[in-house]
Amino acid sequence: MKLPIYLDNNSTTQVDPRVLEAMMPFLTEKFGNAASRSHAFGWETEEAVEKSRVSIAKLIGANPKEIVFTSGATESINIALKGAAEMYVEKGNHIITAETEHKATLDSAKYLEQHGCTVTYLPVDKNGAVTAEQVKAALTDKTILISLMHANNEVGTVHPIAAIGKIAKEAGVLFHVDAAQTTGKIPINVETMGIDILSISAHKMYGPKGVGGLYVRRSNPRVRLSPVVHGGGHERGFRSGTLNVPGIVGFGTAAEICLNEMAADAVRLTTLRDRLHKGLSAQLDEIFLNGDPIQRLPNNLNISFAFVEGEAMMMGLQEVAVSSGSACTSASLEPSYVLKAMGIGEELAHTSIRFGLGRFTTEEEIDFVIQKVVAVVLKLRDMSPLYEMAKEGIDLKSVQWTAH
Amino acid sequence: MAYGPKVIDHFNNPRNVGSFEKGDLTVGTGVVGAPECGDVMKLQLKINTDNIIEDAKFKTFGCGSAIASSSLATEWVKGKSVDEALQIKNTDIVNELSLPPVKIHCSVLAEDAIKAAIEDYKKKQRIS
């Protein structure tokens, strides 16, 4: 077993060796510009790009012509929100999203608010989900777009996308889904789920960084989006700029592998995730699962370890790479806004740790992590005044703290 | 975040972790911070009749820098008089541990904890 152990796969994933192998020729001898129509260098890269488009389309049940290559999910989300708002300005100016969305969505929405749009940020329940009924109730005659994530990047909660897609269809409102966490992890079908626009990131599915995709529906309805990046009219005008051929080839190969292995991977990861959860619960009291226990990503476990601050936890876990919702890990000094929106108190938000499992995670690693986490939590609780007070039966909520 | 070697040393080998017996009139206790803010420090000083700090113990809920700041504070106050301990400034802790700007509040908390513990000791002495 190699140390440190990587358990931050909701942040990024290791490039699958098969992906790298497929990319290598396009970083060396096959360097043509895919837009060069006049010679063989361009033809071979264009062919490779189109092959990738087919693989990615197949993974989400789309037509290859509906896939636009971008630099990643952040750019895709920007095009979806800003492009729709600008294109459909005559139809309306209202957008529905949720409080727990990724910053790419929230910050794009805030930008649009400064440019004439009104945005509804739906609150989530204690597990981090919005319901189709909430979306329906928020619709107005000015609504042009519903934008929600398929699964949350921090707590792994999966939204009821098909039910929301149905409501969007009935209302004639476009539905954008941020599928950065789910593409290649759990099944997506843009037809059966009623999705009109979908954002994908390659590096979360064992592909390279710097490349992503945007699915844009071509019929029922034909979605039009104003471009954000202007230039040579690449990607049917949706996204100008010379195509990142090696990245796109890697993305396509990653999609192919996911299509073949996703089902087996999901079963294996769910087993490992539950093994981790049970292993920790068996040896530690006062730990709390964040997110939906059932409707959650197979590879995500987010736990609050009461009375132990998250950053200190991570410092103690030098051999394990995880992330935390603790304020100390962010520049803002505010704990996770996702946990906050779920109604989880700040004192518990500071103690949260996100474990992100991946294709290369082994059972041996999980068993090692259980043992390490238990040891660190016990050590830090031993020096935690809060744990001591709680054990003495003091209600921490009744204490007059000197907030600073 | 990258930690300085002294923070890592105090985090891995914290000095003087623990608590004194409750109700000991020679012990002053300072509890500062709040769970919602992500750090709570409890510092206890055992002070003799000559106003010398004979022993110190701490427990801290917080990040590595908060733990290191309180651990260092216990080391520093031991053997000092109450007046000397009151002279310890948070900037001394920042310098000793090479804390980055985002962690300065940890050192402030440690300074506040020393003051609160001494205040508590004085209060107990007045009452008894």
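About the criteria used
Along each chain, residues carry numbers from 1 onward, in the same order as the chain's sequence is written. Following the order in which they are written, the chains are lettered starting with A and the ligands numbered starting with 1. Residue-level local features of this predicted model are given only where pLDDT is at least 70; pairs of side-chain atoms are given and counted only at 80 or more, and the full residue set underlies all totals for whole chains, interfaces and linings. Hydrogen atoms and water are omitted, and side-chain values are computed over all heavy atoms in the structure. Only runs of H or I of at least four residues qualify as helices and only runs of E of at least two qualify as strands under DSSP, and these elements are numbered from the N terminus. Within these notes, the globule rule equals 2.2 Å times the number of residues to the 0.38 power, and the radius of gyration is based on C-alpha atoms. By definition in these notes, contact holds between two residues if any of their heavy atoms fall within 4.5 Å. Take the buried residues of types Ala, Val, Leu, Ile, Met, Phe, Trp, Tyr and Cys, join any two whose side-chain atoms come within 4.5 Å, and each joined set is a nonpolar core. Using a 1.4 Å probe on the protein chains alone, a residue whose accessible area is under 20% of its type maximum counts as buried, one over 50% counts as exposed, and one in between counts as partly exposed. Accessible surface is computed with a 1.4 Å probe, and the buried area is the amount of it that two parts give up when combined, taken over both parts together. One speaks of a salt bridge when a side-chain nitrogen belonging to Lys or Arg is within 4 Å of a carboxyl oxygen belonging to Asp or Glu. Counting of polar contacts relies on pairs of N or O atoms within 3.5 Å, with two restrictions inside protein: one atom must be capable of donating a hydrogen and the other of accepting it, and residues adjacent in sequence are counted only when both atoms are side-chain atoms. Put simply, Ala, Val, Leu, Ile, Met, Phe, Trp, Tyr, Cys and Pro go in the nonpolar bin, Asp, Glu, Lys and Arg in the charged bin, and everything else, Gly too, in the polar bin. Note on pairing: DSSP must find at least two bridges between two strands before they are called paired. Convention adopted: a line fitted to C-alpha atoms gives each axis, helices being fitted over their contacting stretch, and angles between N-to-C directions are expressed from 0 to 180 degrees. Along the arc lie the directions from the helix axis toward the C-beta atoms. Those domain boundaries reflect an automatic or database domain assignment.

Q: Can you tell me about the overall build of chain A, naming the residues and giving the values?
A: A count of helices and strands for chain A gives twelve helices and 13 strands. Relative to the compact-globule value of 22 Å for 404 residues, chain A shows a C-alpha radius of gyration of 22 Å, a close match. Along the three orthogonal principal directions, the C-alpha set of chain A runs to about 75 × 50 × 35 Å. Across chain A, the fraction of contacts at a sequence separation of at least 24, relative to all contacts at a separation of at least 6, is 72%.

Q: An account of the nonpolar core is requested, with residue identities and associated values reported.
A: One broad rule of soluble globular proteins: the nonpolar side chains tend to lie buried together. Judged by nonpolar contacts, the single largest core of 64 residues is most densely connected at Leu280, Phe305 and Phe355 of chain A. Examining the composition of this core, we find that nine residues originate from one element, helix H11 (residues 363-382) of chain A, more than from any other.

Q: Give me the interface of chain B and chain A: which residues, what numbers.
A: Frequently, the measure chosen for interface size is the accessible area that the parts lose on association. Taken residue by residue, the interface counts 31 residues in chain B and 25 residues in chain A. Carbon and sulfur atoms make up 67% of the area that chain B and chain A hide from each other, which totals about 2500 Å². Linking chain B with chain A are three salt bridges, by the criterion used here. One salt bridge connects glutamate 388 of chain A with lysine 59 of chain B, and the closest N-O pair in it is separated by 3.3 Å. Between chain B and chain A we count twelve residue pairs in polar contact (both at pLDDT 80 or more) in total. Of all the secondary structure elements, the ones that give two or more residues to the side of chain B that touches chain A are helix H1 (5-12), strand E1 (27-34), strand E2 (39-47), strand E3 (53-61), helix H2 (64-77) and helix H5 (104-127) of chain B. A per-class count over the side of chain B that touches chain A returns 17 nonpolar, eight polar and six charged.

Q: Give a description of the pattern of salt bridges that names residues and reports values.
A: Residues and elements named next belong to chain A. Inspection of every chain in the model, using the stated rule, returns 31 salt bridges over all chains. Between glutamate 50 and arginine 53 there is a salt bridge, with its nearest N and O atoms 2.9 Å apart. Here glutamate 50 pairs with arginine 53, and both are found in helix H2 (residues 40-60), just three residues apart, close to one helical turn. Overall, glutamate 50 belongs to the partly exposed group, its relative accessible area being 34%. Here glutamate 319 makes a salt bridge to lysine 372, at a shortest N to O gap of 3.3 Å. A residue pair is termed long-range when its members are at least 10 positions apart, and glutamate 319 in the loop between helix H8 (310-316) and strand E11 (320-321) and lysine 372 in helix H11 qualify at 53 residues. Glutamate 319 gets classed as partly exposed once you look at its relative accessible area, which sits at 27%. Looking at lysine 372, the relative accessible area reads 26%, which means it is partly exposed. Several salt bridges share partner residues, and in doing so they unite Asp16, Arg18, Glu261, Asp265 and Arg359 into one network.

Q: Any details on the sheet that holds strand E12 (residues 323-324) of chain A? Residues and values, ideally.
A: Residues and elements named next belong to chain A. Taken together, four strands build an open sheet; the order of strands is E9-E10-E13-E12 and the sheet is antiparallel. The two strands at the open ends of the sheet, each matched to only one other strand, are strand E9 (287-290) and E12. Of the pairings in the sheet, the one linking E12 to strand E13 (residues 352-356) comprises two bridges and is antiparallel in character. Paired with serine 323 across the bridge in E13 is arginine 354. Its contacts with the sheet place helix H7 (residues 245-283) against E9, strand E10 (300-305) and E13, and it is angled at close to 15° to E10. Sheet strands in contact with H11 are E9, E10 and E13, and its direction is about 20° off that of E10.

Q: An account of unusual backbone geometry is requested, with residue identities and associated values reported.
A: Residue and element names in this part refer to chain A. With an omega of -5°, the peptide bond running from leucine 3 to proline 4 counts as cis. Relative to the assigned elements, proline 4 resides in the segment before strand E1 (5-6). Going from asparagine 220 to proline 221, the amide bond is cis rather than trans, its omega being -5°. Mapped onto the elements, proline 221 comes out in the loop between strand E8 (212-216) and H7. The phi dihedral of tyrosine 206 is positive, around 70°, even though this residue is not glycine. The topology assignment puts tyrosine 206 in the loop between strand E7 (197-201) and E8. Since its relative accessible area comes to 3%, tyrosine 206 is described here as buried.

Q: Explain the pairing of E3 of chain B to me, using residue names and the numbers behind them.
A: Residues and elements named next belong to chain B. Both E2 and E3 contribute to a ladder of eight bridges, which runs antiparallel. For leucine 43, the partnering residue across the bridge sits in E3 and is phenylalanine 58. In sequence, E2 turns back onto E3 through a hairpin of five residues, with asparagine 51 there showing a positive phi of about 65°.

Q: Tell me about H1 of chain B, and please be specific about residues and values.
A: Given 3.6 residues per helical turn, the α-helix brings residues three or four places apart onto the same face. Considered for burial, the residues of H1 of chain B that qualify are Val7, His10 and Phe11 of chain B. Axial view of H1 of chain B: buried residues confined to an arc of 100°, hence all on one face. Where H1 of chain B is buried, its residues touch H8 and H11 of chain A together with H2 and helix H4 (90-97) of chain B.

Q: Before we move on, could you go through the domain arrangement of chain A and cite the residues and values that matter?
A: Residues and elements named next belong to chain A. Per the domain assignment, the segments making up chain A are domain 1 (5-10 + 262-392) and domain 2 (17-258). The distance between the C-alpha centroids of domain 1 and domain 2 comes to 29 Å. Listed per partner, the contact involves 25 residues of domain 1 and 31 residues of domain 2. Of the roughly 2400 Å² buried where domain 1 meets domain 2, counting both sides, 55% is carbon and sulfur surface. In terms of surface lost to domain 2, no three residues of domain 1 exceed Met262, Tyr337 and Arg359, which account for 32% of the buried area on that side. Between domain 1 and domain 2 we count zero salt bridges in total. Linking domain 1 to domain 2 there are 14 residue pairs in polar contact (both at pLDDT 80 or more). Listed by contribution, the elements that provide at least two residues to the side of domain 1 that touches domain 2 are H7, E10 and helix H9 (337-341). For the side of domain 1 that touches domain 2, the element with the most residues is H9, which contributes four residues.

Q: Go over the sheet that holds E8 of chain A with me, naming the residues and quoting the values.
A: Residues and elements named next belong to chain A. Spatially, E2-E8-E7-E6-E5-E3-E4 is the arrangement adopted by the seven strands of the open sheet, whose pairing is mixed. Of all strands in the sheet, those with a lone pairing partner are strand E2 (67-70) and strand E4 (118-122), marking the two edges. Shown here is a sheet whose adjacent strand axes are inclined to one another by a mean of 20°, direction ignored. With three bridges joining them, strand E3 (residues 94-98) and strand E5 (residues 143-149) adopt parallel strand pairing. Counted as the bridge partner of isoleucine 95 is leucine 145 from E5. Strands in contact with H2 are E2, E7 and E8; relative to E2, the strand with the most contacts, it is inclined by about 115°. Here helix H4 (residues 103-113) sits on the sheet and contacts E3, E4 and E5; the angle it forms with E4, its principal contact strand, is near 150°.

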